[in-house]
Each structure stands twice: as C-alpha cells, then as structure tokens.
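In case you want the letters, here they are:
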Amino acid sequence: MNDSSWGAPPQAGYWGPSDQGPVQGAAPAGPTYDAPEAQQTRPMPIVPDEPAYGGHQDDDRGAARLSGPLFRDETQQPPYDVRQSPPYDPRTQPSDTPQAQPYGAVPQNPEPMPDVPPPAPAPQKKSAGRDLGAAIGVGVGLAVVIIASLFVVKAAFVGVIAVAVVVGLWELTSRLQERKGIKAPLVPLAVGGAAMVVAGYVRGPEGAWVAMALTALAVLVWRMTEPPEGYLKDVTAGVFAAFYVPFLATFVALMLTADDGAWRVLTFLLLTVVSDTGAYAIGWRFGTHKLAPRISPGKTREGLFGAVSFAMVAGALCMQFLIDDGSWWQGLILGFAVAASATLGDLGESMIKRDLGIKDMGTLLPGHGGIMDRLDSLLPTAPVVWLLLVLFVGSG
C-alpha cells in the first residue's frame, strides 16, 4: 500500500481510494458528476460531527465518504438526496431566507399573507350627549314659567330670579365642598343673594352694590364660628360665589325696572338662547376645528361662527320690533356682544367644572344638568345687555 495515497484526492476512474487499489477488470467509471452513476449510488448517512474528506491522516474513512468535495475549488456541502432539498433549520438559516421544503411537509416559517385593510367602520350618527326629549320638555316648561311671570306680574319674575340664584348657590357650594373640601358658607350667601336681587330691582345699581358688600361681610363673619384652618380659602370662595351668581343676576332685575323692562328681559333671554342654539346647530353639523380643546372639547370655531351669526340676526329683529326706539344696526352690535359673552360664560363654567372634575353642576333639570348649567351663559351676558341697552335707548 502506498502511503502517499492517504488523504490524497480521488483520481479519475475511482469512486474513492481503498487499500486494494483499483479493481481489476472493472469498467472505467464516468466523471463524478455523471447523472446515471449518481442515481445508482446510495448516499452515505450524514455524520456532521466527524471530519470530512481530507481530515486527519490516520482516519481512512474520509476517503470513502461522499461528504468531501469532488474538486478542490468546490465548497464543502453535506450530502443529501438530489431529489429532496435539506430541511429548514432556524438555528443556522435566517428566517427571512426562502427555503425549499420536502414534499408534503408543513412549512416551518410560512410567508405571511398580504395585509388586508380592515373594513371601514360604518358611519356613526352624531349624538348630542344628552336626552334631547327631556331637555326640550324641561326647556319648554321653564319658558312657560318665565314668560307667565314676566308679563303678568314683574315682582313674580323677581322671585323666579331669586329662587334660581339660591339653587345655583347651593349647587356651587356643594360641589366645592365635595370635590375640593372648600366650605363656603351657604346661609349668608343664600340670604344675601336673594336680598341682592330684590335690592337691585327696588333701589337700582346702588342697592345692588350695597347688598353685595353686606353679603361679603356676612360671609367673613359667619366663617369665624368654625376653626381657623382653611378660613382664607373658604371666605375667598364665598365672596367669589356671591359675585358670580347673585350679583351678575341682579342686572336682570335692573333691566326689568325700565318701562319696557319685560321686553328687554325677553330680548336678553332670546338672544342668549339663540346664540347657544346657533353654536350647537352649526358646530354639530360642520364643526371640525376646536375652539378651546383644553377647556371644552365640544366647542368649535364653526360653532362660534354660528352663535355670532344667529345672535346678530336675532338682535337686529329684536331691537327693531321689541325695543322702544331701537334700531336694527344696534341689534347687530348687541347680538355680536351677546354671542361673545355667552361663549365666554360657557368656557368659564367649563373651566370650573374641569377643575372640580365633574360634568354637570347638578341633576335638578333632566337633560340639562343643574341650574348652574343653564345660568352659565346667562350670568355674564346680563350686565353686557343691560349696559348696551342703556347706551342705545336709555334706562327709562
């Protein structure tokens, strides 16, 4: 046996070296890549851990293994049946490389199906967020009470204002105590608030200011009967409540003192309601640009435009036909001012409710919330309408 043949590459005519040398009388084999010869040859089992052909010189099994390269420039590959591709091994091949799979085998890493966009959701009908039936019913009932008291006996309407003020103060102070622990004294506020409205109707602006000062003093004294902890925040909230609810409502009573006071109050109420209605109608249908999303996400710039447009048209009609010596152009100015003040009033109470973490000030009026939820736009609008009417047609 020639030692130089150990580990040497196979020669032409031999499938692999052996100890006996070439077989005598055997037909010369074709090239190693001959397809008929390859089909007659049964591949040896794969032994990945043993050295391939050309390994250690003391191992003569590598010469008879098909795992070695047939040519020097070939890359060494594990033997496998030409009729079957090697199975996919996730440990050695990347998952994104396409690999042939045996016939009938379940793919190890099937290609994902193309993304199919989900069906578009059905358009949902906009909702007002409240019970419109109950809201309309309560609104009609309030309108009947207001109009009946306004045109029958003026003093009765002053009583309606006083009752609304007391209920509004109760709602406001209750929410302050529940959500913030602020104990604004309700008794002096309720008594002083009702007195403020009556004083404004009987004595005019001077009577309203005096009643406001006495109410603030009563709040300071009343709170002294309790421990001093929290005194400052309690009396501050009490003075704020006295100004915000009864004092602003007093300007409605001041409008009522004129000869055509009932029509002035009706104009004030109509313009405020029309402004709110225009803002709701236009904003609900066309609103896309938020007006003050951090304060009131439901209000839009389109809604503000609707409020101004509706209020200006209603103001021109009211000043022309309801107010003595009024003119339509004065109504345009009045309507614009009402829309602005009513919107600011809505935003102001929305800021208070957002700070308190509540949606409504109360539940007394189904579909509306509480009394304060209806007074939010009326209260800051009252002094604006009173002042403009005095400037346009006088206080008579």
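Remember, predicted model here, so these are calculated numbers, not experimental data.

Thoughts on the overall build of the chain
Stage number 1. Secondary structure assignment for the chain yields ten helices and two strands.
Stage number 2. Going from N to C terminus, the chain has its helices and strands arranged as α-α-α-α-α-α-β-β-α-α-α-α.
Stage number 3. Among the 396 residues that make up the chain, the fraction classed as buried is 34%.
Stage number 4. Partitioning the intrachain contacts of the chain with sequence separation of at least 6 by distance along the chain shows that 67% fall at a separation of at least 24.
Stage number 5. Accessible area for the chain stands at about 24300 Å²; split by element, carbon and sulfur atoms hold 64% of it.

Re helix α7 (residues 301–321)
Stage number 1. Taking 1.5 Å of rise per residue, the 21 residues of α7 would be expected to cover 30 Å, and the 30 Å separating its terminal C-alpha atoms lies within 8% of that figure.
Stage number 2. The complete set of buried residues in α7 reads E302, G303, G306, A307, V308, A311, A314, G315, A316, C318 and M319.
Stage number 3. Buried residues in α7 make contact with α6 (261–286), β2 (296–300), α8 (328–356) and α10 (378–393).

As for the nonpolar core
Stage number 1. Residues V252, V265, F268 and L334 are the most contacted members of the largest nonpolar core, which totals 59 residues.
Stage number 2. In terms of residue count, helix α5 (residues 231–256) provides more of this core than any other element does, 15 residues in total.
Stage number 3. Sequence-distant contacts of F268, that is, excluding residues within four places in its chain, are made with V252, M255, L378, T381, A382 and V385.

Here we look at the side chain of D373
Stage number 1. Secondary-structure assignment places D373 in helix α9 (residues 371–375).
Stage number 2. A distance of 2.7 Å separates a polar atom in the side chain of D373 from the backbone nitrogen of G370.
Stage number 3. Setting aside its immediate chain neighbours within four residues, D373 contacts E349, K353, D360, M361, G362 and H368.

Description of the environment of G230
Stage number 1. By the element assignment, G230 lies in the loop between α4 (186–223) and α5.
Stage number 2. Exposure remark for G230: the relative accessible area of 28% places this residue in the partly exposed category.
Stage number 3. Each C-alpha atom, one on G230 and one on I182, is 7.7 Å from the other, the two residues being 48 residues apart in sequence.

Describing unusual backbone geometry
Stage number 1. The phi angle at D325 is positive, at roughly 65 degrees, despite the residue not being glycine.
Stage number 2. The residue D325 is located in the loop between α7 and α8 in this model.
Stage number 3. The exposed category is assigned to D325, whose relative accessible area is 72%.

So, how was this worked out
- Residues numbered from 1 in each chain as written.
- Predicted model: local features only at pLDDT ≥ 70, side-chain atom pairs only at ≥ 80, totals over all residues.
- Heavy atoms only, no water.
- Helix = DSSP H or I, 4+ residues; strand = E, 2+ residues; numbered from the N terminus.
- Buried < 20%, exposed > 50% of the residue type's maximum accessible area, 1.4 Å probe, protein only.
- Contact = heavy atoms within 4.5 Å.
- Areas by Shrake-Rupley, 256 points an atom, 1.4 Å probe, with all protein chains shown as cover.
- Expected span 1.5 Å × (residues − 1).
- Core = buried A, V, L, I, M, F, W, Y, C linked by side-chain atoms within 4.5 Å.
- Polar contact = N/O pair within 3.5 Å; in protein donor to acceptor, adjacent residues only side chain to side chain.

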